[in-house]
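Chain by chain, the residues run as shown.
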Amino acid sequence: GHALEDERFFLVQGWVPEPDVERLQAHATENALGLLVQDPAPGDKPPTLLDNPPSVAGGSDLVGFYQTPAYGAWDPSRIVFFSFALFFAMILGDAGYGAVLLSIVGIYWKRMGKSDLGRRMRALGLMVTGSSVAYGILAGSYFGVSPPEASLLGGLHIIEFDNFNAMIRLSVIIGAAHVTLANTMRAMTQRNWRDRMVPIAWIAVIAGSLFLWLFGYGEGAIVPVKWASISLMVAGGLAVLIFGAKRKVDSLRNAVLRFVGGLLSLTNATKVFGDVLSYLRLFALGLASASLAITFNQLATDVAAAAPGLGLLFKILILMLGHTLNLALAIISGVVHGLRLNFIEFFNWGMDEEGYPFRPFHKKEAES
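Below: a short report on this structure. Predicted model only: the values in this text are computed from it and were never measured.

**Here we look at the layout of surface pockets**
Argument step 1. Quantified by volume, the second largest pocket comes out at close to 680 Å³.
Argument step 2. In terms of lining, the second largest pocket is formed by 24 residues, of which the most central are Ala-70, Tyr-71, Gly-72, Ala-73 and Glu-353.
Argument step 3. Of the residues that constitute the lining of the second largest pocket, the class distribution is 10 nonpolar, seven polar and seven charged.

Pasting the structure below:
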């Protein structure tokens, strides 16, 4: 459907990125080819080209792995690039494990630089492993061992895995911020002000709920913050009820149907709370990784103490096998759940439609 050939002409039609139009025109002039360049028509569905600087281009590969944004939508790849690195680091939760992965990236650095995909992946790998080392230092975990409090590394230890209340709050705040960012980007890319109202309303609901939970609930509740948070939640809920359905109100029947549609949109309140609470997996998986590391260390120490001499060999084996297994599990969890929070929770609130990727027309040489 994109080529036509008869006795006089051979015609080919396709999409071209705007920055490449001048190069294509020069090619047509040089080879005496006819060229017609047109803007996309209203009914056209152009492909999507995610174009980012090389330092963050790995985010485009992450996004394309699951869903390509529709043409004309916003590009989430930069946000996914950094948020995936943060989520992976929180799940890995250990500076020693992060240093191992960082050294692997360093070993393959030159080899990965020989291709465009390799350069994108090494930049992503550097961000992910560097974030893991940084978060592990803040968590004070080095292969499950905590540094002395009086040391320099001990002074950098500010995240406590066993402080459940603090870690739950941190995870929920990150989840609320991530979902809020998705709604913010969705609102900014809407052309009609009525379409902007729904994501803005959900931002108000999320912010009000978060501040009510943090500062307006329990014995230390701040009364002004409490009522301001409740007011923000009520205002957001009313906005969802009013603008949640797009049906035009030109009759009593349509008015009733619009009200029912608003009520149905309001049921997404359970979804937004569930999605925010889904980020608790960052705390749970990070705690599991840290606990396993400590368990293997304790087991190796007990074996060495129980059998002097030969126990040292078993201690080394337990440490090597245990931490290798724990690192492998943490990598799998970090990749799966780090991407899941972006693809499911974040995309559901930030992306409207799915597109298809731009693939340049080119000749492939077959190897015999």
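Once you've had a look at it, read on.
**Regarding the packing of aromatic side chains**
Argument step 1. Enumeration according to the criterion identifies 14 aromatic pairs in this entry.
Argument step 2. For the pair Trp-202 and Trp-349, a centre-to-centre distance of 5.7 Å together with 70° between the ring planes defines the contact as edge-to-face. One end of the pair, Trp-202, is in helix H9 (residues 193-215); the other, Trp-349, is in helix H14 (residues 310-350), and 147 residues separate them in sequence.
Argument step 3. What makes Trp-202 buried here is its relative accessible area of 3%.
Argument step 4. What makes Trp-349 buried here is its relative accessible area of 4%.
Argument step 5. Within the aromatic cluster, the residues linked to one another by ring pairs are Phe-65, Tyr-66, Trp-74, Phe-343, Phe-346 and Phe-347.
Argument step 6. Over the face of the ring belonging to Trp-227 we find Lys-226, whose NZ or CZ atom lies 5.8 Å from the ring centre.

**Comments concerning the pattern of salt bridges**
Argument step 1. In total, this model carries seven salt bridges according to the counting rule given.
Argument step 2. Notably, a salt bridge pairs Asp-275 with Lys-271, separated by 3.4 Å at the nearest N-O pair. Of this pair, Asp-275 and Lys-271 are both found in helix H12 (residues 268-277), four residues apart, which corresponds to roughly one turn of the helix.
Argument step 3. Assessed through its relative accessible area of 10%, Asp-275 is described here as buried.
Argument step 4. The exposure class of Lys-271 is partly exposed, given its relative accessible area of 30%.
Argument step 5. A salt bridge links Glu-345 to Arg-340, with the nearest nitrogen and oxygen atoms 2.8 Å apart.
Argument step 6. Judged by its relative accessible area of 1%, Glu-345 is buried.

**Details of unusual backbone geometry**
Argument step 1. With a phi close to 55°, Ala-32 is a non-glycine residue in the positive phi region.
Argument step 2. By the secondary structure assignment, Ala-32 is in the loop between helix H1 (21-30) and helix H2 (58-66).
Argument step 3. Taking the relative accessible area as the measure of exposure, Ala-32 reaches 71% and is therefore exposed.
Argument step 4. Backbone geometry places Phe-143, a non-glycine residue, at a positive phi of 55°.

**What to know about the packing of H12 against H14**
Argument step 1. One can describe the packing of H12 onto H14 by two numbers: an axis separation of 10 Å at closest approach and a directional angle of 140°. As the angle between them shows, H12 and H14 are arranged oblique. Two packed elements cross with a definite hand, and for H12 against H14 that hand is left-handed. On the side of H12, the interface is formed by Asn-268, Lys-271, Val-272 and Asp-275, while H14 contributes Glu-345, Asn-348 and Trp-349.
Argument step 2. Classifying every residue of the contact of H12 with H14 gives two nonpolar, two polar and three charged.

**Focus: H9**
Argument step 1. Taking 1.5 Å of rise per residue, the 23 residues of H9 would be expected to cover 33 Å, and the 32 Å separating its terminal C-alpha atoms lies within 8% of that figure.
Argument step 2. The complete set of buried residues in H9 reads Pro-199, Ala-201, Trp-202, Ala-204, Val-205, Ile-206, Gly-208, Ser-209, Leu-210 and Leu-214.
Argument step 3. Buried residues along H9 sit in contact with helix H8 (164-188), helix H10 (223-243), helix H11 (252-266), H12 and H14.
Argument step 4. The distance from a side-chain oxygen at the start of H9 to the backbone nitrogen of Arg-194 is 2.8 Å, and the residue carrying that oxygen is Asn-192.

**Re the packing of helix H3 (residues 77-92) against H8**
Two quantities define a packed helix pair, namely the angle between the axes and the distance from one axis to the other.
Argument step 1. The contact between H3 and H8 brings their axes to 13 Å, and the two run at 170°. Judged by the angle between their axes, H3 and H8 are roughly antiparallel. Where H3 approaches H8, its residues Ile-79, Ser-83, Leu-86, Phe-87 and Met-90 are matched on the opposing element by Leu-170, Ile-174, His-178, Leu-181 and Met-185.
Argument step 2. The residue makeup of the contact of H3 with H8, split by class, is eight nonpolar, two polar and no charged.

**A closer look at the nonpolar core**
Argument step 1. In terms of nonpolar packing, the biggest core is built from 53 residues, with Phe-84, Leu-92, Tyr-135, Val-179, Leu-282 and Phe-347 touching the most fellow members.
Argument step 2. When residues in this core are grouped by element, the largest group, 10 residues, is from H3.
Argument step 3. Setting aside chain neighbours within four positions, we find Phe-347 in contact with Val-63, Tyr-66, Gln-67, Pro-76, Val-80 and Asn-342.

**Quick word on H10**
Argument step 1. Under the 1.5 Å per step criterion, the end-to-end length of H10 is 30 Å for 21 residues, consistent within 8% with the ideal 30 Å.
Argument step 2. Listing the buried residues of H10 in full gives Ser-229, Gly-236, Gly-237, Ala-239, Val-240, Leu-241 and Phe-243.
Argument step 3. Considering only its buried residues, H10 is in contact with H9 and H11.

Cut-off values and rules
Residues numbered from 1 in each chain as written. Predicted model: local features only at pLDDT ≥ 70, side-chain atom pairs only at ≥ 80, totals over all residues. Heavy atoms only, no water. 1 Å grid on protein atoms, 1.4 Å probe; cavity = no way out; pocket = protein on both sides within 12 Å on 5 of 7 lines; lining within 4 Å. Points joined across faces, edges and corners; volume = space filled by probe spheres on them. Nonpolar A, V, L, I, M, F, W, Y, C, P; charged D, E, K, R; others polar. Phe/Tyr/Trp six-rings, centres within 6.5 Å; stacked < 30°, edge-to-face > 60°. Helix = DSSP H or I, 4+ residues; strand = E, 2+ residues; numbered from the N terminus. Buried < 20%, exposed > 50% of the residue type's maximum accessible area, 1.4 Å probe, protein only. Lys NZ or Arg CZ within 6 Å of the ring centre and 35° of its normal. Salt bridge = Lys/Arg side-chain N within 4 Å of Asp/Glu carboxyl O. Axes fitted to C-alpha atoms, helices over the stretch in contact; angles between N-to-C directions. Parallel < 35°, antiparallel > 145°, perpendicular 65-115°, else oblique. Left-handed = near helix turned anticlockwise from the far one by under 90°. Contact = heavy atoms within 4.5 Å. Expected span 1.5 Å × (residues − 1). Polar contact = N/O pair within 3.5 Å; in protein donor to acceptor, adjacent residues only side chain to side chain. Core = buried A, V, L, I, M, F, W, Y, C linked by side-chain atoms within 4.5 Å.

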